[in-house]
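Commentary on secondary and tertiary structure
Given next are the chains, with one letter for each unit.
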Amino acid sequence: MSPDRQRRRVLLKVLAAVAAVVLFAQISEVFEEAELPTIDARFRLRGSEDPPPDLVVIGIDDVTLQEIDESYPLPLGLHARAIDALTDAGAVAIVLDVTTSSDDRDPAFLASLADAPSVTLSAVRSESDGTPVVLGGAGALEIPGVRAANGRFEPDDDGVVRRFDHTMHGDDDDDGTTGAAGLAQLPTLPVVAVEQVTGEELSNDVTGSEGATIDLPGPTGTVEQVSFLSLVNGTVPPEQIAGKIAIVGPTAQELQDTVQTSLSENTSRAELHADAIQTLNDDVPLRTPPPAVQLLLTLLACVAPLLAARQAALRGVVLVCALALGWLVVAQVAFNLGSILPVVAPIVGLIGAAAAAIGVNYAFEVRARRQVREVFGRFVPPDVVRDIVDADPNGDLLRATSREVTVLFSDLRGFTTFSEQRDPQEVVGILNDYLAVVTDVLVDADAVIDYLGDGVMAVFGVPAVQSDHASRALAAGVEILEATERFDREMTDRLDGAHFRVGVGINSGTVTAGNLGTVRRLKYTVIGDAVNTAARIEGLTKDAPYDLLMADATRVLLSSEPDDLVEHATLPIRGRSKSVRLWSLSRATSTAATLGNA
């Protein structure tokens, strides 16, 4: 299996594991608490919208409490006057979000209820028999057009009210009010108010399984508000009330009948009920997609890092950050259009998968670097290996590629006969000493080296590109001849009168360069006709008057032609259909004695 396929397989397995963990956490609602603040942020980014035109809050505000010679809770008589004023002004429905009064019974209050178009009475607790506790008592609920509604809000775990249900369940109110068990089957105030206006019963799933998100038009005060005092004093123009649903409730700060919302820390319950009623009037404009769709979005986020799988680490991080930012933009645009897309789970999946992908890529990069060092460290100088690793952290140079190179073969003449007459240890010692001399020459020329018994193959132009590979090869070939002559002179005593002659063949052309072998044993090498031709040319030096022969393909690539360049001959090459024009140098003329043919 190639390293690329192995890396992709490991990466897919790791991403699948990350996706499984994130999706399980999403199904288990692990991200729900972290998701809630993102909804608040989306409300803030969306900004304020036009206030609902068909709603008005009649606020029992600070002015009302200061001017009316009554302490709170207000007597039923004042509420009766407010109901009469709203009825006369043409309100289509009245919601009394007030649960207590200073007196229990008042015939005038019941009469006002009877004359009103429709009235919804808020209840936050019930009697022991389950009867909702509302203004006017049980008698009020016997009047046609008057209905009780559950006036409670259930905040999320962080104390913020974001949603409401068709019907609430529970034993206690969020502020500790008891006696709520009897309200368990009582529809919530926004539901009853809309049913009162439309005359149609809303289905239990109108708010969804998780509750309907209240579509806040803006911060506290966005909904039109009228002072309770102005209403009962008759100073409110009828057109300010006509055709609207009027929600009566306390708004004075000192009464602390407020809740925290996505846009405000202190919003009166009356105004929030108005927002919830408008949410139902608008057919719940903010909706979350089905769970399957949410999981699919998270899954897509988990596999998105595959786009950066082959990118450098920094580029990959930038791309992932861009994807995360892009998803935040998409989520905001979708929110503005009415869809609450998940944010936390996809972002966690994206970042987690990206981190895993970076980790996998880093591990394979480290392995590739090590492999590059292991493969090239045997053939090229350490500083060249270091440059290769720095320039090729992913080991791309180890992959098969076509490259124009120059190939040099050198072979000792007579060494086989020489070795047959001596002790093996002595032979190996002399050969190693000689190869060390040749290796120094080739390493200094930045060649890739491969040892072939008493011969050497050197390739110039790989793995890093060398524009002067032909000139490097020729210079190295000349140095090998000179080094061999020096070695022959210096080793006279050990050679016992024998002499070494070396043949050098050089050819240039396009080869395939890369790893050859398996994962257990790899070798970087080159293959192709240019390699075979270079080996054949080296063999021709046995019968040539020159110890170095060079193909015309190499001559034409030289940076400059040597002054002593001479043409040898155009000779046929075994395995090639065309003959090869061969060149040499005057200084490479063969003058050394030979022990015989190898």
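Owing to the predicted nature of the structure, the values given are computational and were not obtained by experimental measurement.

Calculation criteria
- Residues numbered from 1 in each chain as written.
- Predicted model: local features only at pLDDT ≥ 70, side-chain atom pairs only at ≥ 80, totals over all residues.
- Heavy atoms only, no water.
- Helix = DSSP H or I, 4+ residues; strand = E, 2+ residues; numbered from the N terminus.
- Areas by Shrake-Rupley, 256 points an atom, 1.4 Å probe, with all protein chains shown as cover.
- Core = buried A, V, L, I, M, F, W, Y, C linked by side-chain atoms within 4.5 Å.
- Buried < 20%, exposed > 50% of the residue type's maximum accessible area, 1.4 Å probe, protein only.
- Contact = heavy atoms within 4.5 Å.
- Phe/Tyr/Trp six-rings, centres within 6.5 Å; stacked < 30°, edge-to-face > 60°.
- Polar contact = N/O pair within 3.5 Å; in protein donor to acceptor, adjacent residues only side chain to side chain.
- Salt bridge = Lys/Arg side-chain N within 4 Å of Asp/Glu carboxyl O.

1. Concerning the overall build of the protein
Along its length, the protein carries 18 helices and 18 strands. Summing over all exposed atoms, the protein offers an accessible surface of approximately 27800 Å²; the carbon and sulfur share of this is 52%.

2. Here's the deal with the nonpolar core
Counting 41 residues, the largest nonpolar core has I58, L86, L96 and F228 as the members making the most contacts within it. Listing elements by their share of this core, those giving two or more residues are strand 1 (55–60), helix 4 (76–89), strand 2 (93–96), helix 5 (107–115), strand 3 (119–123), strand 4 (146–150), helix 7 (228–232) and strand 8 (245–250). Per-element accounting of this core gives the leading share, seven residues, to helix 4. Aside from chain neighbours lying at most four places away, what touches L96 is I83, F109, V119, T120, L121, S122, L135 and V248.

3. Describing the packing of aromatic side chains
All chains considered together, the criterion is met by two aromatic pairs. A centroid spacing of 5.0 Å and a plane angle of 85° characterise the contact between F43 and F335, whose relative ring orientation is edge-to-face. Pair noted here: F43 is in helix 2 (residues 32–46) and F335 is in helix 10 (residues 313–336), with a separation of 292 residues, a long-range link. The exposure class of F43 is buried, given its relative accessible area of 2%. For F335, a relative accessible area of 0% gives the class buried.

4. As for the side chain of R501
Assignment of secondary structure puts R501 in strand 14 (residues 501–517). Looking at R501, its side chain comes within polar contact range of the side chain of D547, at 2.6 Å.

5. Here we look at the pattern of salt bridges
This model, assessed by the stated rule, comprises 22 salt bridges. In this structure, R42 engages E35 in a salt bridge whose closest nitrogen and oxygen atoms are separated by 3.0 Å. Judged by relative accessible area, E35 falls into the buried class, the value being 13%. For R46, the salt bridge identified is with E49, shortest N-O distance 3.6 Å. For E49, a relative accessible area of 36% corresponds to the partly exposed category. One continuous salt-bridge network, built from bridges that share partners, spans E32, D40, D156, D158, R162 and R163.

Any functional reading would require information that these geometric values do not contain.
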